[in-house]
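What the coordinates show
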Amino acid sequence: MPSIELVHHAPGPVDQVFEVYSDISKAAERVEAIREIEMLTPGPVGEGTRFRETRVVFKREASEEMELVEFEPNRAYTIACFSCGAEYRTRYDFEPDGEGTRVTVRMNITPKSLFAKLLSPLSFFMTNTMKKCLEDDMIALDRVVSESEARTASA
């Protein structure tokens, strides 16, 4: 199956951008397509954090259980999910970029079931939709970063 890579410039310093992007518990408040987040593990977000995300995909609600399988504060995190016979791994990397932050997102989809392997040649039809979802998520999160910076500047 194809992989997706996006490079995005987010406003604000790395620590602030990372904090907003990795605050899973507030994602439904910040990203329009996400309808609900149910935290499945207690405590602060980090490696091993599990959650159930319900979002609108292809005009229908879908819920998936996800886990943070890597978490390096202010540097990177990776979310993994198993759905429809495939493993989805999405890694977010954060680097200083002038006055902002460069966010690189890489999503890899690995078919695991026979059915998913048979359908993998058709997966390129989904790639653009998934890429658009990731872009929309980042734009929504950037608004939160910008609002936070504006509040900090006016204080």
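Residues numbered from 1 in each chain as written. Predicted model: local features only at pLDDT ≥ 70, side-chain atom pairs only at ≥ 80, totals over all residues. Heavy atoms only, no water.

Here the focus is the nonpolar core. Within the largest apolar cluster, 35 residues are counted, with the highest numbers of intra-cluster contacts made by Y21, Y77, Y92, F94 and V103. Here the element with the most residues in this core is helix 4 (residues 124-154); it accounts for seven residues. Beyond its immediate sequence surroundings of up to four residues, F94 is in contact with V14, V17, F18, Y21, N74, R75, A76, Y77, T101, R102 and V103. (Core = buried A, V, L, I, M, F, W, Y, C linked by side-chain atoms within 4.5 Å. Buried < 20%, exposed > 50% of the residue type's maximum accessible area, 1.4 Å probe, protein only. Helix = DSSP H or I, 4+ residues; strand = E, 2+ residues; numbered from the N terminus. Contact = heavy atoms within 4.5 Å.)

On inspection of all chains with the given rule, the structure shows 17 salt bridges. The partner of E72 in a salt bridge is R91, with the nearest N and O atoms 3.7 Å apart. Remark: R91 occurs in strand 6 (residues 86-97) and E72 occurs in strand 4 (residues 60-72); sequence separation between them is 19 residues. Salt-bridge contacts for E95 lead to R102; the nearest nitrogen and oxygen are separated by 4.0 Å. (Salt bridge = Lys/Arg side-chain N within 4 Å of Asp/Glu carboxyl O.)

What follows is about the side chain of E53. In this structure, E53 sits in strand 3 (residues 50-57). A distance of 2.8 Å separates a polar atom in the side chain of E53 from a polar atom in the side chain of R55. Each residue touching E53, except ones within four places of it in the same chain, is listed here: I34, E36, I37, A62, S63, E64 and M66. (Polar contact = N/O pair within 3.5 Å; in protein donor to acceptor, adjacent residues only side chain to side chain.)

This part takes up the environment of T49. With respect to the secondary-structure elements, T49 resides in the loop between strand 2 (34-39) and strand 3. The sequence separation of T49 and E70 amounts to 21 residues, and the corresponding C-alpha distance is 9.6 Å. Apart from the residues within four sequence positions on either side, T49 is in contact with M39, T41, P44, M66, E67 and L68. A polar atom in the side chain of T49 sits 2.8 Å from the backbone oxygen of G46.

Here we take up the pairing of strand 3. Note that strand 2 and strand 3 share five bridges and pair antiparallel. From the neighbouring strand, I34 faces strand 3, where its bridge partner is R55. Of the pairings in the sheet, the one linking strand 3 to strand 4 comprises eight bridges and is antiparallel in character. What sits directly across from R55, in strand 4, is A62. (Pairing = 2+ DSSP bridges.)

Inspection of the secondary structure puts T90 in strand 6. Not counting chain neighbours up to four residues away, the residues in contact with T90 comprise Y77, T78, I79, V105, R106, M107 and L134.

Next up on the list: the confidence of the model for the protein. Do not read the fine detail of predicted coordinates wherever pLDDT is low. The pLDDT averaged across the protein works out to 87; a share of 83% of its residues lies at or above 70. By mean pLDDT, helix 3 (residues 114-119) is the weakest element of the protein at 56, and strand 2 is the strongest at 97. (pLDDT = per-residue confidence, 0-100.)

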